[in-house]
Amino acid sequence: MLPERLKRRVIYESDWIDLYADTVRMPDGSIIEPYHVLHYPHNSVSVVIYNNKDEILMLRSKRYTAGGLEWEIPAGRVEKNESPEDAARRECMEETGCELEDLSYLGYQNPQNGMTDFRVHMYAAHVSTENGNFDKNEVDSKLWVKRDEVMDWLKNNVIRCGVSMLTLLYADRFYEK
């Protein structure tokens, strides 16, 4: 038996995120009220981009909520009527100026599944072409980094974005380069 929602109170809803206060019956019959739930109306994607030198494209992103610059991989939401694969290609072009080849689906993750239904589809690909364009509102700079150095960055907590961390580890282990 799984927990069961008995009631839902809307605290906030938007096109980006919703917050609900649910009343939930647990399998043992106990009631949790409020059980706060963050709902994301859109899925997201994250992409590890490789080149033919065994390097990964890292972005130095401008993160308001983290209060600084953070090393990440390209990521973003899947728009209405857009497939996750199309979103991955679009986000990479917007954030890095890269067109992709050999785009491979690695699976999806649900970070913090105890409080949110947020789903991130993970991909890895090779760059086919790259131009100098990128979203300067969101990205400070981009840098090709040797795969082994990226793994050191993970080990030494240089990369702190959880979505980037897990996607990088999945790509390192499961992507056929």
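Keep in mind the model is a prediction, meaning the values are calculated, not measured. (Residues numbered from 1 in each chain as written. Predicted model: local features only at pLDDT ≥ 70, side-chain atom pairs only at ≥ 80, totals over all residues. Heavy atoms only, no water.)

1. Things to note about the overall build of the protein chain
At step 1: Within the protein chain, the regular secondary structure consists of 3 helices and 10 strands.
At step 2: Taken from N to C terminus, the helices and strands of the protein chain fall in the order β-β-β-β-β-β-β-α-β-β-β-α-α.
At step 3: The principal-axis extents of the C-alpha atoms in the protein chain amount to approximately 55 × 30 × 30 Å.
At step 4: Taking all 177 residues of the protein chain together, 39% fall into the buried category.
At step 5: In the protein chain, 57% of the contacts between residues at least 6 apart in sequence involve partners at least 24 apart. (Helix = DSSP H or I, 4+ residues; strand = E, 2+ residues; numbered from the N terminus. Buried < 20%, exposed > 50% of the residue type's maximum accessible area, 1.4 Å probe, protein only. Contact = heavy atoms within 4.5 Å.)

2. Describing the nonpolar core
When a protein is soluble and globular, its nonpolar side chains tend to lie buried together.
At step 1: One finds V48, M58, V150, I159 and L168 to be the most contacted residues of the largest nonpolar core, which totals 18 residues.
At step 2: When residues of this core are traced back to their parent elements, those giving at least two are β4 (44-50), β5 (55-63), β9 (120-130), α2 (147-155) and α3 (162-174).
At step 3: The greatest single-element share of this core, amounting to 4 residues, is contributed by α2.
At step 4: What I159 contacts, discounting residues up to four positions off in sequence, is M58, W71, V150, W153, L154, S164, M165 and L168.
At step 5: V45, L57, A88 and A125 belong to the second largest nonpolar core, which has 14 residues in total. (Core = buried A, V, L, I, M, F, W, Y, C linked by side-chain atoms within 4.5 Å.)

3. A look at unusual backbone geometry
At step 1: The amide bond that connects E33 to the next residue, P34, takes the cis arrangement and shows omega of 0 degrees.
At step 2: Structurally, the position occupied by P34 is in strand β3 (residues 31-39).
At step 3: The backbone of D102 sits at a positive phi, close to 55 degrees, despite the residue not being glycine.
At step 4: With respect to the element layout, D102 can be found in strand β8 (residues 98-109).

4. Structural notes on the UniProt feature "domain: Nudix hydrolase" (unreviewed entry) in the protein chain
At step 1: Taking the numbering used here, the UniProt-annotated feature "domain: Nudix hydrolase" (unreviewed entry) corresponds to residues 40-167.
At step 2: Spanning residues 40-167, this segment combines 22% helix with 43% strand, and its end C-alpha atoms are found 19 Å apart. (UniProt positions renumbered as here; feature names shortened; annotations may be inferred.)

5. Topic: the layout of surface pockets
At step 1: In this structure, the largest pocket encloses a volume near 1100 Å³.
At step 2: Around the largest pocket, the lining comprises 39 residues; the ones closest to its centre are R63, T65, F118, C161 and V163.
At step 3: Secondary-structure elements contributing two or more residues to the lining of the largest pocket are β4, β5, β6 (68-72), β7 (75-77), α1 (84-96) and α3.
At step 4: The element contributing the most residues to the lining of the largest pocket is α1, with 4 residues.
At step 5: Estimated volume of the second largest pocket: approximately 150 Å³.
At step 6: Lining the second largest pocket are R8, Y35, V37, H39, N110, N113, G114, M115, T116 and D117.
At step 7: The element contributing the most residues to the lining of the second largest pocket is β3, with 3 residues.
At step 8: Here the residues of the lining of the second largest pocket sort into 3 nonpolar, 5 polar and 2 charged. (1 Å grid on protein atoms, 1.4 Å probe; cavity = no way out; pocket = protein on both sides within 12 Å on 5 of 7 lines; lining within 4 Å. Points joined across faces, edges and corners; volume = space filled by probe spheres on them. Nonpolar A, V, L, I, M, F, W, Y, C, P; charged D, E, K, R; others polar.)

6. Some thoughts on the environment of V120
At step 1: Mapping V120 onto the fold places it in strand β9.
At step 2: With 45 residues separating them along the chain, V120 and A75 place their C-alpha atoms 8.8 Å apart.
At step 3: Not counting residues within four places of it along the chain, the set of residues in contact with V120 comprises S44, V45, S46, G107, Y108, Q109, P111 and V163.

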